[in-house]
Amino acid sequence: MSTPEPVIVVEDLEVAYGDKVVLQGINFEVRAGEVFVILGGSGSGKTTLLRNLVGLMRPKSGRILIKGRDFTAMSPDERVEMRRKMGMCFQGSALLGSLSVADNVALPLREHTKLEESTIDIMTRIKLELVGLGGVEDYLPSELSGGMKKRAGVARAMAMDPEIIFYDEPSAGLDPIVAAGLDQLIRTMQSTFNLTSIVVTHEMESVKIIADTVCVLHKGKVVGIGTLDDLERSEHPYVRQFFARLPDDVSDADPAYARSLTGID
Amino acid sequence: MINVLGRLGRWALRQVAVALQVSVLMVDTIVWLVIAPLKGKGLRWRSAVEHMVEFGVRSLPIVGMICFLIGVIMALQASYTLDQFGANRYIADLVAVSALRELAPLMTAILIAGRCGSAITAEIGTMKVNEELDALQVMGVNPVKYLVAPKFLAMVIAVPAVTAIAMFIMIAGGWTSAVFVVGVEPVVYVSQTVGAIVEKDLVTGMIKSVFFGVAICWVGVYRGFQVEGGAEGVGKKTTASVVTSIFLIIIVDLVFTVLFYYL
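Keep in mind that what you see is a predicted model, and the values were worked out from it rather than measured.

## Looking at the overall build of chain A
Scanning chain A from N- to C-terminus turns up ten helices and ten strands. For chain A, whose C-alpha radius of gyration is 20 Å, the value lies close to the compact-globule estimate of 18 Å for 265 residues. In terms of overall dimensions, chain A has a C-alpha envelope of 70 × 45 × 40 Å along the principal axes. Burial status across chain A gives 50% buried among its 265 residues. A total accessible area of about 12900 Å² is found for chain A, and carbon and sulfur atoms account for 50% of it. Between the mean site of the 29 positive side-chain charges and the mean site of the 38 negative ones, chain A shows a separation of 3 Å.

Okay, structure coming up:
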């Protein structure tokens, strides 16, 4: 990886729901082949940012350049073309409930390519093996555990051999062992395919394992960006608070007050 | 007063917004059903056929039973009046004409709306809640192409097809009670029926049922896309879907009946 090019460039992004601005002045670059983590608490706008990056939402202003081309200003056909190079794993895996695991993984191939059914079958098996899900091809998503669903989601995102992959809260709702397994999977995918990975999360533990670059979001703004070491030295109060896992200073969190409410004292 | 006007204005604006969304959906469906396949982007034929089986074949038992019973009831009710004039043989005319022009298309549409329109809403709504619609979009698969176009095609074929069978069954129901209860000669009933029906009755009934299919599908899909906020949202919109589509079916029925009255 000698001076990798930026694959995604976000310039002055501003996003609003109606009049309510949720993201403001977002600027960052994601270099090819790195794991870029968007870190933030609940309500920081991290999922909204991700939805903009994959084109599920349109920003109010600003640009998102993907491989040098403005993703926000593309025609629908160009956008579909661009999406073939992108894969996304959803928080709840979002596998189609009516299709088997294999059919879910095969769906993008069936829709976008004219490959023979036998070829698609082989490719599907390979992708499922890749994420450690050999042998569950014929199961329905509802028959899988949470961790397996997420792995199947990764397999589906990988179906078209994308260059960029997005993960929305990959370890949310999983036990530590399964979550660690997913962290490892994200790393394996990145190193095997030199895959540019964007991960939205709030789990510090997995950030420490997977991140090359971390971007900390707070109240719709980037409050820190850099490697983990950079951020650990950051002076920004929110970054320090997040990394030290300290609660907000809320006056009514006083234990004596809480006890008086419950009538224990 | 101003308050009332303001509310009326906001209500009107909301309706305009709904109308706009529905028309976008309609145009999208037509594009993906007619234009896109011509441009080689394909249509999911297998899914369309599967939906035809679901909307059509699987609706037949309940539609058939209800329509048979309505035929039986209609003949008995007709006899109540016609008997006074010794005109029981005209039961056949009455049953045949009302079945073809009105009741078979209407009953079929209402039953399919309850059975399948609600299912469409629930399916699409659940997919929306589970981010499956977003997933399709990110994969570059248009949800209208993938989900709506096959259902639409299936609906506009299945509803008229079931209606045609329902017409026949309803007349058979009328025959049953007229022959076994009222005592009309079986052959007379058949010849009366054949004599009463003109081509226009059949055609108007079938045209109506095509538009009933359109209404059921679009309401189901639109309500599905409207779902917000989890399982409760799915339930609410599924109920709304059935109510709206039955209402729309009646409106469409009225419009076409008035139209055919003057034609």
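## Side note on the overall build of chain B
Within chain B, the secondary structure is distributed over nine helices and zero strands. What you see in chain B, going N to C, is helices and strands ordered as α-α-α-α-α-α-α-α-α. With the C-alpha coordinates of chain B rotated into their principal frame, the extents come out at 70 × 55 × 35 Å. Considering chain B as a whole, with its 263 residues, one finds that 46% of them fall into the buried category.

## Observations regarding a nonpolar patch on the surface
Together, Met 26, Val 27, Ile 30, Val 31, Val 34, Ile 35 and Leu 38 of chain B make up a nonpolar patch on the protein surface, roughly 590 Å² of accessible area in all. We classify Leu 38 of chain B as exposed; its relative accessible area is 74%.

## With respect to the environment of Ile 177 of chain A
Along the chain, the position of Ile 177 of chain A falls in helix 6 (residues 176-193). Once the C-alpha coordinates of Ile 177 of chain A and Glu 143 of chain A are considered, the two residues, 34 residues apart in sequence, prove to be 20 Å apart.

## Quick word on the interface of chain B and chain A
A common way to report how large an interface is uses the accessible area buried once the components associate. The partner chain A presents 21 residues to the 16 residues of chain B that form the contact. Interface area for chain B against chain A, summed over the two sides, is near 1600 Å², with a carbon-plus-sulfur share of 58%. Area buried by chain B at its contact with chain A is led by Glu 131, Val 138 and Met 139 of chain B, which between them contribute 38% of it. Seen at the junction of chain B and chain A, the total is two salt bridges. Salt-bridge contacts for Glu 111 of chain A lead to Lys 145 of chain B; the nearest nitrogen and oxygen are separated by 2.9 Å.

## Points about the sheet that holds strand 2 (residues 20-31) of chain A
Residues and elements named next belong to chain A. Ordered in space as 2-1-4-5, the four strands form an open sheet in which the pairing is antiparallel. One side of each edge strand has no neighbouring strand; the edge strands of this open sheet are strand 2 and strand 5 (69-70). Two strands pair when backbone bridges link them, and strand 1 (residues 6-17) and strand 4 (residues 61-66) are joined in this way by five bridges, in the antiparallel orientation. The partner of Glu 11 across the bridge, within strand 4, is Arg 63.

## A look at the nonpolar core
Looking at soluble globular proteins, one finds that nonpolar side chains tend to be buried together. One finds Ile 91, Leu 136, Tyr 146 and Met 155 of chain B to be the most contacted residues of the largest nonpolar core, which totals 69 residues. Elements that contribute at least two residues to this core include exactly helix 1 (2-38), helix 2 (45-55), helix 3 (60-82), helix 4 (91-129), helix 5 (132-138), helix 6 (143-182), helix 8 (199-226) and helix 9 (230-262) of chain B. Each residue touching Met 155 of chain B, except ones within four places of it in the same chain, is listed here: Phe 55, Ile 112, Cys 116, Ile 120, Pro 160, Gly 213, Ile 216 and Cys 217 of chain B. Counting 44 residues, the second largest nonpolar core, distinct from the first, contains Cys 89, Val 131, Met 160 and Leu 182 of chain A.

## Overview of the packing of helix 3 of chain B against helix 4 of chain B
Residue and element names in this part refer to chain B. Orientation of helix 3 relative to helix 4, taken along the N-to-C sense of each, is 145°, at an axis distance of 10 Å. Remark: the crossing between helix 3 and helix 4 carries right-handed chirality. Contacts from Ile 62, Val 63, Ile 66, Cys 67, Ile 70, Met 74, Ala 75, Ala 78, Ser 79 and Leu 82 in helix 3 reach Ile 91, Leu 94, Val 95, Ser 98, Leu 103, Met 107, Thr 108, Leu 111 and Arg 115 in helix 4. Per-class residue counts for the contact of helix 3 with helix 4 are 15 nonpolar, three polar and one charged.

## Focus on the state of the cysteines
All names here are of chain B. Summed over all chains, the structure comprises zero disulfides over all chains. Between Cys 116, a cysteine without a disulfide, and Cys 217, which holds the nearest cysteine sulfur, the sulfur-to-sulfur distance is 10 Å. Classification of Cys 116 as buried rests on a relative accessible area of 1%.

## Re the sheet that holds strand 3 (residues 35-40) of chain A
Strands pair in a sheet through their backbones, by hydrogen bonds, and they do so in one of two ways: parallel or antiparallel. All names here are of chain A. Spatially, six strands are ordered 6-7-8-3-9-10 in an open sheet, and the strand pairing comes out mixed. Edge strands, defined here as strands with exactly one partner in the open sheet, are strand 6 (86-89) and strand 10 (221-226). Neighbour-to-neighbour, the strand axes of this sheet turn through a mean angle of 15°, independent of strand direction. Where strand 3 and strand 9 (residues 213-218) come together, five bridges link them in parallel fashion. Within strand 9, the position partnered with Ile 38 by the bridge is Cys 215.

## Digging into the packing of helix 4 of chain B against helix 9 of chain B
All names here are of chain B. In the contact formed by helix 4 and helix 9, the axes pass within 8 Å of each other and the chain directions differ by 150°. Our classification of the angle between helix 4 and helix 9 gives roughly antiparallel. Of the two elements, helix 4 crosses helix 9, and the hand of that crossing is right-handed. When its residues are assigned to classes, the contact of helix 4 with helix 9 shows twelve nonpolar, eleven polar and four charged.

## Notes on the confidence of the model for chain B
On average, residues of chain B score 92 in pLDDT, and 100% of them reach the 70 mark or higher. Interface confidence for the predicted complex, given as ipTM, is 0.85, next to a pTM of 0.86.

The rules we used
- Residues numbered from 1 in each chain as written.
- Chains lettered and ligands numbered in written order.
- Predicted model: local features only at pLDDT ≥ 70, side-chain atom pairs only at ≥ 80, totals over all residues.
- Heavy atoms only, no water.
- Helix = DSSP H or I, 4+ residues; strand = E, 2+ residues; numbered from the N terminus.
- Rg over C-alpha atoms; globule rule 2.2 N^0.38 Å.
- Buried < 20%, exposed > 50% of the residue type's maximum accessible area, 1.4 Å probe, protein only.
- Areas by Shrake-Rupley, 256 points an atom, 1.4 Å probe, with all protein chains shown as cover.
- Lys, Arg positive; Asp, Glu negative; His and termini not counted.
- Charge placed at Lys NZ, Arg CZ, Asp CG, Glu CD.
- Patch = residues over 30% accessible without salt bridge, like charges linked within 9 Å, V, L, I, M, F, W, Y side chains within 5 Å.
- Salt bridge = Lys/Arg side-chain N within 4 Å of Asp/Glu carboxyl O.
- Contact = heavy atoms within 4.5 Å.
- Buried area = accessible area lost by both parts, 1.4 Å probe.
- Pairing = 2+ DSSP bridges.
- Core = buried A, V, L, I, M, F, W, Y, C linked by side-chain atoms within 4.5 Å.
- Axes fitted to C-alpha atoms, helices over the stretch in contact; angles between N-to-C directions.
- Left-handed = near helix turned anticlockwise from the far one by under 90°.
- Nonpolar A, V, L, I, M, F, W, Y, C, P; charged D, E, K, R; others polar.
- Disulfide = S-S within 2.5 Å.
- Parallel < 35°, antiparallel > 145°, perpendicular 65-115°, else oblique.
- pLDDT = per-residue confidence, 0-100.

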